[in-house]
Amino acid sequence: MALLCRSAALLCKSSRAAPLAVSAAHKYTTGGVTYDYIVVEKRGEKQNVGFIQLNRPKVLNALCDGLMLEVGKALDAFEADKDIGAVVITGSDRAFAAGADIKEMQNRTFQECYGGNFLAHWNRVSMSKKPVIAAVNGFALGGGCELAMMCDIIYAGEKAHFGQPEILLGTIPGAGGTQRLTRAVGKSLAMEMVLTGDRINAQEAKQAAYELTLAEGNRLEKRLFHSTFATEDRKEGMTAFVEKRKADFQDK
Ligand code: CAA
């Protein structure tokens, strides 16, 4: 996950060019498909950005099964559309998404979850063949944080808050949070967030991501440095220095 603190609003400005049919029942129809839980449009001057807005404002865009299936459907359509270069997934100013729908999960049994491979289809987002950008503001909690991390890039607004509060519900992250958060902000902070349910803001997330990148970069550099000791040129370079002569490198 790359996390950048930019105005999420910039990515969400409508070009107003795409035809969007809105019925009285708040169903959104685009490309012949009707969506109940998301708004789907083509945006940008060239109409080459696929735009998906999570649209359950009353429940802070809680990610019910139907919503995530619709996100998958919209991604399928954008992938098949040769004019689309990238996809943006966003929510509202108040909430990107406040997690999986707790009311929908409340009475699920182990057998239902295990037998039905609950949440498996969410992975569709991370399998997209086109770059997917999460434009996040407000709450990105639990499954909301996980959905953002499935995207290739996160642009976070100033009001963005990321968290994995599942522990406060007696469960754990179930859509990749334990794995992706560790890679995004490092093990220590990820452990703290998952074990306490505490949230971090966009600046803290960016800082943590930066520090992790630096640490990873340093590790990689060290390995590459070590690998120069397998070359004859490294030996020649140092030997030439010691012998006070010009090195005769052979690209070996
Ligand atoms: N599922 C279902 N409904 C939710 C929801 C969720 N994840 N989050 C919020 N809502 C609903 C609330 O029930 C409330 O609905 P009603 O008005 O009908 O009661 C409405 O959204 C507004 O929420 P609040 O009144 O609670 O708003 P608030 O501003 O006081 O608090 C909040 C906002 C801190 C985000 C709080 O709503 C909250 O803590 N939500 C739950 C966050 C959470 O635990 N997410 C993890 C879910 S589990 C998960 O995601 C598992 C996974 O790994 C996939």
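Remember, predicted model here, so these are calculated numbers, not experimental data.

## Topic: the overall build of the chain
Then comes step 1: Within the chain, the secondary structure is distributed over 9 helices and 13 strands.
Then comes step 2: Counting every position in the chain, which comprises 252 residues, the buried fraction comes to 39%.
Then comes step 3: Taken as a whole, the chain presents about 14600 Å² of accessible surface, with 56% of it coming from carbon and sulfur.

## Quick word on the site of the ligand
Then comes step 1: Near the ligand you find 26 residues, and of these Arg94, Gly143, Glu146, Glu166 and Gly174 are the closest.
Then comes step 2: Within the side chain of glutamate 146, an N or O atom sits 2.7 Å from an oxygen atom of the ligand.
Then comes step 3: In the environment of the ligand, an oxygen atom lies 2.8 Å from a nitrogen or oxygen atom belonging to the side chain of glutamate 166.
Then comes step 4: Isolated, the ligand exposes 980 Å² of accessible area, and the fraction of that covered by the protein chains is 67%.
Then comes step 5: Of all the elements in the fold, those that place two or more residues in the shell around the ligand are helix 3 (102-105), strand 10 (139-141) and helix 5 (143-150).
Then comes step 6: If one sorts the elements of the shell around the ligand by residue count, helix 3 sits on top with 3 residues.
Then comes step 7: For the shell around the ligand, a count of residues per class yields 15 nonpolar, 4 polar and 7 charged.

## Focus on the confidence of the model for the chain
Then comes step 1: On average, residues of the chain score 88 in pLDDT, and 88% of them reach the 70 mark or higher.
Then comes step 2: Across residues 5-25 the pLDDT falls below 50, and counting only partners more than four positions away or on other chains, this stretch makes 39 contacts in the model.

## Observations concerning a nonpolar patch on the surface
Then comes step 1: Side chains of Ile167, Leu168, Met191 and Leu195 sit close together on the surface and give an oily, nonpolar patch of about 400 Å² of accessible area.
Then comes step 2: Note that isoleucine 167 resides in the loop between strand 12 (161-163) and helix 6 (177-185).
Then comes step 3: Judged by relative accessible area, isoleucine 167 falls into the partly exposed class, the value being 36%.

## Observations concerning the nonpolar core
Then comes step 1: Of all hydrophobic cores here, the largest spans 47 residues; its most connected members are Ile89 and Phe162.
Then comes step 2: Tallying contributions element by element places helix 2 (residues 65-80) first for this core, with 6 residues.
Then comes step 3: When neighbours within four sequence positions are excluded, isoleucine 89 is seen to be in contact with Ile52, Leu54, Val71, Phe96, Val125, Val132, Ile133, Ala134, Ala135 and Cys151.

## Here we look at the packing of helix 6 against helix 8 (residues 202-227)
In helix packing, the relevant descriptors are the interaxial angle and the interaxial distance, both defined with respect to the helix axes.
Then comes step 1: One can describe the packing of helix 6 onto helix 8 by two numbers: an axis separation of 6 Å at closest approach and a directional angle of 80°. Viewed along their axes, helix 6 and helix 8 adopt a mutual orientation that is roughly perpendicular. Together, Thr182, Arg183, Ala184 and Val185 of helix 6 and Ala208, Ala209 and Leu212 of helix 8 make up the contact between the two elements.
Then comes step 2: Of the residues contributing to the contact of helix 6 with helix 8, the split by class is 5 nonpolar, 1 polar and 1 charged.

## Re the packing of aromatic side chains
Then comes step 1: Following the criterion strictly, the structure yields 2 aromatic pairs and no others.
Then comes step 2: Measuring from centroid to centroid gives 5.5 Å for phenylalanine 110 and tyrosine 114, while their planes differ by 25°, and the two rings are stacked. You can see phenylalanine 110 and its partner tyrosine 114 sitting in helix 4 (residues 110-115), 4 residues apart, about one turn around the helix.
Then comes step 3: Ring geometry for phenylalanine 225 against phenylalanine 229: centres 5.3 Å apart, planes inclined by 75°, an arrangement best described as edge-to-face.
Then comes step 4: Phenylalanine 225 gets classed as partly exposed once you look at its relative accessible area, which sits at 45%.
Then comes step 5: Above the face of the phenylalanine 51 ring, arginine 43 is positioned so that its terminal group lies 3.6 Å from the ring centre.

Parameters and conventions
- Residues numbered from 1 in each chain as written.
- Predicted model: local features only at pLDDT ≥ 70, side-chain atom pairs only at ≥ 80, totals over all residues.
- Heavy atoms only, no water.
- Helix = DSSP H or I, 4+ residues; strand = E, 2+ residues; numbered from the N terminus.
- Buried < 20%, exposed > 50% of the residue type's maximum accessible area, 1.4 Å probe, protein only.
- Areas by Shrake-Rupley, 256 points an atom, 1.4 Å probe, with all protein chains shown as cover.
- Near = heavy atom within 4 Å.
- Polar contact = N/O pair within 3.5 Å; in protein donor to acceptor, adjacent residues only side chain to side chain.
- Nonpolar A, V, L, I, M, F, W, Y, C, P; charged D, E, K, R; others polar.
- pLDDT = per-residue confidence, 0-100.
- Contact = heavy atoms within 4.5 Å.
- Patch = residues over 30% accessible without salt bridge, like charges linked within 9 Å, V, L, I, M, F, W, Y side chains within 5 Å.
- Salt bridge = Lys/Arg side-chain N within 4 Å of Asp/Glu carboxyl O.
- Core = buried A, V, L, I, M, F, W, Y, C linked by side-chain atoms within 4.5 Å.
- Axes fitted to C-alpha atoms, helices over the stretch in contact; angles between N-to-C directions.
- Parallel < 35°, antiparallel > 145°, perpendicular 65-115°, else oblique.
- Phe/Tyr/Trp six-rings, centres within 6.5 Å; stacked < 30°, edge-to-face > 60°.
- Lys NZ or Arg CZ within 6 Å of the ring centre and 35° of its normal.

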